[in-house]
Amino acid sequence: MVLKVFFPSCCSSADSGILIGRWISEQNSAVILAVVHFPFIPVQVKQYLGEVQRVTKVNVSVLGSWSNSKQEKEESLSEFLEDLGTIFCHEPWIQISKEGDSKFWSCSTLQKHLKDPQEEEIILVYYDQRKVMLSHLHPPLDTSGQRAEDASKLSAIFDTVARSQVLFMTDRYDEGPIKLTHWQSDGVEASIIVELLKQASVPACMLLTFLLSLLSGICRSRVLKLWPLSFLWSKLSTCEQLGHRLQHLQVISSNKKAQNQNQLMRKANIFVSLLIDVALGILLMSWLYRKNRIGHLADTLIPVADHVAEELQDLLQWLMGAPAGLKMNRALDQVLGRFFLYHIHLWISYIHLLSPFIEMILWYVGLSACLGLTVALCILSDIIALLTFHIYCFYVYGARLYCLKIYGLSSLWRLFRGKKWNVLRQRVDSCSYDLDQLFIGTLLFTILLFLLPTTALYYLVFTLLRLLVVIVQGLIHLLVDLIDSLPLYSLILRLCRSYRLAAGVKFRVLEQQDGKPLRLLMQINPLSYGGVIQTYRLPTYSCYPRDSWASLCKKLFLGELIYPWKHKGDKQN
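Keep in mind that this is a model prediction, so the values were computed, not measured. (Residues numbered from 1 in each chain as written. Predicted model: local features only at pLDDT ≥ 70, side-chain atom pairs only at ≥ 80, totals over all residues. Heavy atoms only, no water.)

Q: What exactly am I supposed to notice about unusual backbone geometry here?
A: Glycine aside, a negative phi is what most residues show, and trans is what most peptide bonds show. Phi angles above zero are rare outside glycine, and Asn-28 is one such case at about 55 degrees. For Asn-28, a relative accessible area of 8% translates into the label buried. If you check the backbone angles, Lys-57 has positive phi at about 60 degrees while not being a glycine. Inspection of the secondary structure puts Lys-57 in the loop between helix H1 (42-56) and strand E4 (60-68). Its relative accessible area of 62% is what places Lys-57 among the exposed residues. (Buried < 20%, exposed > 50% of the residue type's maximum accessible area, 1.4 Å probe, protein only. Helix = DSSP H or I, 4+ residues; strand = E, 2+ residues; numbered from the N terminus.)

Q: Can you walk me through the UniProt feature "transmembrane region" (unreviewed entry) in the protein chain in this structure?
A: Sites flagged by UniProt as "transmembrane region" (unreviewed entry) map to residues 200-219, 270-289, 335-354, 361-388, 394-416, 437-461 and 467-492. Structurally, residues 437-461 is divided into 100% helix and 0% strand, and its ends, taken at the C-alpha atoms, are 35 Å apart. (UniProt positions renumbered as here; feature names shortened; annotations may be inferred.)

Q: How should I be thinking about helix H13 (residues 389-416) in this particular structure?
A: Each α-helix turn comprises 3.6 residues. Residues three or four places apart therefore point the same way. For H13, spanning 28 residues, the distance from its first C-alpha to its last is 41 Å, which sits close to the expected 40 Å at 1.5 Å a residue. One or two positions beyond H13, positive phi appears at Gly-418, with a value near 70 degrees. (Expected span 1.5 Å × (residues − 1).)

Q: Just checking my understanding: could you explain the side chain of Arg-494 for this structure?
A: Here Arg-494 lies in helix H15 (residues 488-496). Setting aside anything within four residues of it in sequence, one finds Arg-494 in contact with Leu-501, Pro-526, Leu-527, Ser-528, Tyr-529 and Val-532. (Contact = heavy atoms within 4.5 Å.)

Q: Teacher, can you tell me more about the packing of helix H7 (residues 237-252) against helix H14 (residues 435-485) here?
A: For any two helices packed against each other, one specifies the crossing angle of their axes together with the interaxial distance. Interhelical geometry of H7 versus H14 gives an angle of 5 degrees and a closest axis separation of 13 Å. Considering their axes alone, H7 and H14 lie roughly parallel with respect to each other. Facing Ser-237, Gln-241, His-244 and Arg-245 of H7, the residues of H14 in contact are His-477, Val-480, Ile-483 and Asp-484. When grouped by side-chain class, the residues that make up the contact of H7 with H14 number two nonpolar, four polar and two charged. (Axes fitted to C-alpha atoms, helices over the stretch in contact; angles between N-to-C directions. Parallel < 35°, antiparallel > 145°, perpendicular 65-115°, else oblique. Nonpolar A, V, L, I, M, F, W, Y, C, P; charged D, E, K, R; others polar.)

Pasting the structure below:
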């Protein structure tokens, strides 16, 4: 059989001693976890391993001996290492020795209790204990007590290293009877400052949790469920973004410990996303309040609104004539044109009425950037929606009028064919009509048919204007969704410490020589950047209905409204 020995690369320069680890009989493999140095007392080693086994539930034992010839000065040391096999009684007893500064290692096994010991082929696999410990390729530690272990896969090795964390809490500088070498031999990776920050974060998180629970209670109160406030909360994207960020703050300030790696990464991604969002918002706020940019923006806003209104007036004057040489119904054309021109006149008056307060409004709006860049972008989207509200009204009027004529024509067309729509059964049934009904239906069908081109032209023009505004708002919300959902912490971790986001392992041959064990190096395969985004992407809310092109074209043809805001029930968890 083939004996596989997984040896930590951090122990390659350790002093001579004994190897402790776990023996996996199903795979005929030995996972070396640490090296115990001389001098030691065997009884104390057994007691220490018993305590580790009781805490970690891992069958840790002495597997063999380790000899570093560079450190050896007595020839009797090798004989002493062989005799240790009779004290700790493990079959097979693994002997690994390093020949000075040479790259060649020797590895053999002793089986004293077998009458006819067979020579086994040995594969020596080096692994980075730190990367294996932090790669999270091992099964999760669940509370049910069941061992998520598959003996036919490498998960048993990763699981062994992960569950032996208590063993790595003792370094070689501790004053005790046992000196160990492992991945934290140079000192446990912790500092007084980090520990103090951890202790200080507990009351801060408790205070933040209390404030957030108070704020969420206010948001869930019945006062906000009244009609005006509930309407504004559901229509304004700023309120939706604030609610979304409130949920994020509740997640990262929760005292509940993360159960698995995905929950931990989600909290870290939310925290980094909030941090970068607020930092970008503060930068934007500092830029706006420098060199009186708020005043320049307010002075530019009114002329731009006037220019848009003038362009709309010119467009309506063009539609009231003979647009593109088309012959329109003059009476309906004049009525619709004057109706929309009156709305533009009202809108211009409304803008000029607000002009003295525009700078003050923008000054207070700029302060909201301290809540984050996404909140500022959502406010910009709401401002665009308010400034183009007259275009939205034109679109709604044209869509409703066009939709009324389309449904009227379809109903009258069924009347010609002797059909009617059964409301109860939701289907088309046969029906007999008398002469008067057919005559009136013919007159109405003719009137609606000849008035349809005029209505369709107004509907088409205002729909294109509405789509232009929706596209601008959609680009803003795409940027907001990108900041909200992008797993920034995972991407930074993939760039700096790729082994923390492992997708698998690969083996590289280090040495292959006759009479020597095959030496392999186990390396961690990281996730690709696309896999990181797909795995750890944060959920967001959708501000626009995600319709297909066929559904969108159907809505445009039938005159159904394309809503600019998210509706209740469209939220994506």
